[in-house]
Amino acid sequence: MNRVRDIVERLEFTKTAHGDRTFYWPRGVDPGKWNTFRVAGEEKLDIRTADDLPPEEIAAGARSVLQAQVSLTKEGLVAETSRLLGYSRTGSKLNERIREAIDLLLSSGIAEQE
């Protein structure tokens, strides 16, 4: 794993750190402006854990939910974002990650809380 990390570091990808998690982005990409997200697939290899999801990607999903729903409670936004990303249940870790992404939307001014 260290060898892979060394190669990635040499390629100078953009990276974001969230706690002990680091996410790598294509060179030249501003993760703060990321607006796409992947839906969890049915195949075992397509399923990502909550820790595999960059907050910026989850935030893009939450933004999509808000564009369709306009207004939701925070709990409703967590549940709808989880469903949009393809998860049938929201466990504590996924719930935490989605809330982290919603906080990104709030702190960047993309969403506001009433």
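Everything here concerns the structure above.
Computed from a predicted structure; not experimentally measured.

Caption draft 1: Spotlight on the nonpolar core. In this structure, Ile58, Leu77, Tyr87, Leu94, Ile98, Ile102 and Leu105 are the most contacted members of the largest nonpolar core, which totals 18 residues. Of all the secondary structure elements, the ones that give two or more residues to this core are α2 (55-69), α3 (74-84) and α4 (92-108). If we ignore the near neighbours within four places in the chain, the residues touching Leu77 are Ala62, Val65, Leu66, Leu72 and Ile102.

Caption draft 2: Just the pairing of strand β2 (residues 21-25), in detail. The side-chain alternation of β2 yields one buried face, formed by Arg21, Phe23 and Trp25, and one unburied face, formed by Thr22 and Tyr24. Bridge count between strand β1 (residues 14-18) and β2: five bridges; the pairing is antiparallel. Pairing of Ala17 across the sheet is with Thr22, part of β2. Between β1 and β2, which pair antiparallel in sequence order, lie two residues; one of them, Gly19, sits at a positive phi of approximately 65°.

Caption draft 3: Representation of the packing of aromatic side chains within the structure. Within the structure shown, the criterion is met by one aromatic pair. For the ring pair Trp25 and Trp34, a centre distance of 4.8 Å and an interplane angle of 65° mean the geometry is edge-to-face. A residue is classified by how much of its surface remains accessible, and Trp34, at 22% relative accessible area, is partly exposed.

Caption draft 4: Looking closely at the environment of Tyr24. Looking at where Tyr24 falls in the secondary structure, it is placed in strand β2. Between the C-alpha atom of Tyr24 and that of Phe13, which follows or precedes it by eleven residues, the distance is 6.0 Å.

Caption draft 5: Structural view of the environment of Gly28. Tracing the chain through its elements places Gly28 in the loop between β2 and α2. Using a relative accessible area of 75% as the deciding quantity, one classes Gly28 as exposed.

Caption draft 6: Molecular detail of the pattern of salt bridges. Applying the stated criterion to the full structure yields eight salt bridges. Of the charged contacts in the structure, one is a salt bridge between Arg21 and Glu100, with a shortest N-O distance of 2.8 Å. With Arg21 in strand β2 and Glu100 in helix α4, this residue pair connects regions lying 79 residues apart in the sequence. Asp103 is the partner of Lys74 in a salt bridge, and the nearest nitrogen-oxygen pair spans 3.2 Å. Separated by 29 residues along the polypeptide, Lys74 in helix α3 and Asp103 in helix α4 bring together distant segments of the chain. We classify Lys74 as partly exposed; its relative accessible area is 23%. Here the salt bridges do not stand alone but share partners, grouping Arg21, Asp51, Glu96, Arg97 and Glu100 into one network.

Parameters at a glance
Once a new chain begins, its residue numbering starts again from 1 and follows that chain's sequence as written. This being a predicted model, a pLDDT of at least 70 is required before a residue's local features are given, and a value of 80 or more before pairs of side-chain atoms are given or counted; all residues contribute to the totals for chains, interfaces and linings. Side-chain descriptors were evaluated using all non-hydrogen atoms of the structure, hydrogens and water having been removed beforehand. Each nonpolar core is a collection of buried residues, namely Ala, Val, Leu, Ile, Met, Phe, Trp, Tyr and Cys, held together in the definition by side-chain atoms within 4.5 Å. Here the term buried applies to any residue with accessible area under 20% of the maximum for its type, exposed to any over 50%, and partly exposed to those in between, with areas from a 1.4 Å probe on protein chains only. Segments assigned H or I by DSSP are reported as helices when at least four residues long, segments assigned E as strands when at least two residues long, and all are numbered from the N terminus. Here, two residues are considered to be in contact whenever any of their heavy atoms come within 4.5 Å of each other. A pair of strands is considered paired only if DSSP assigns at least 2 bridges between the two. Only Phe, Tyr and Trp rings take part, Trp by its six-membered ring, and two of them pair if their centres are within 6.5 Å. Stacked means planes under 30 degrees apart, edge-to-face means over 60, and tilted covers everything else. Here, a salt bridge means any side-chain nitrogen of Lys or Arg that lies within 4 Å of a carboxyl oxygen of Asp or Glu.

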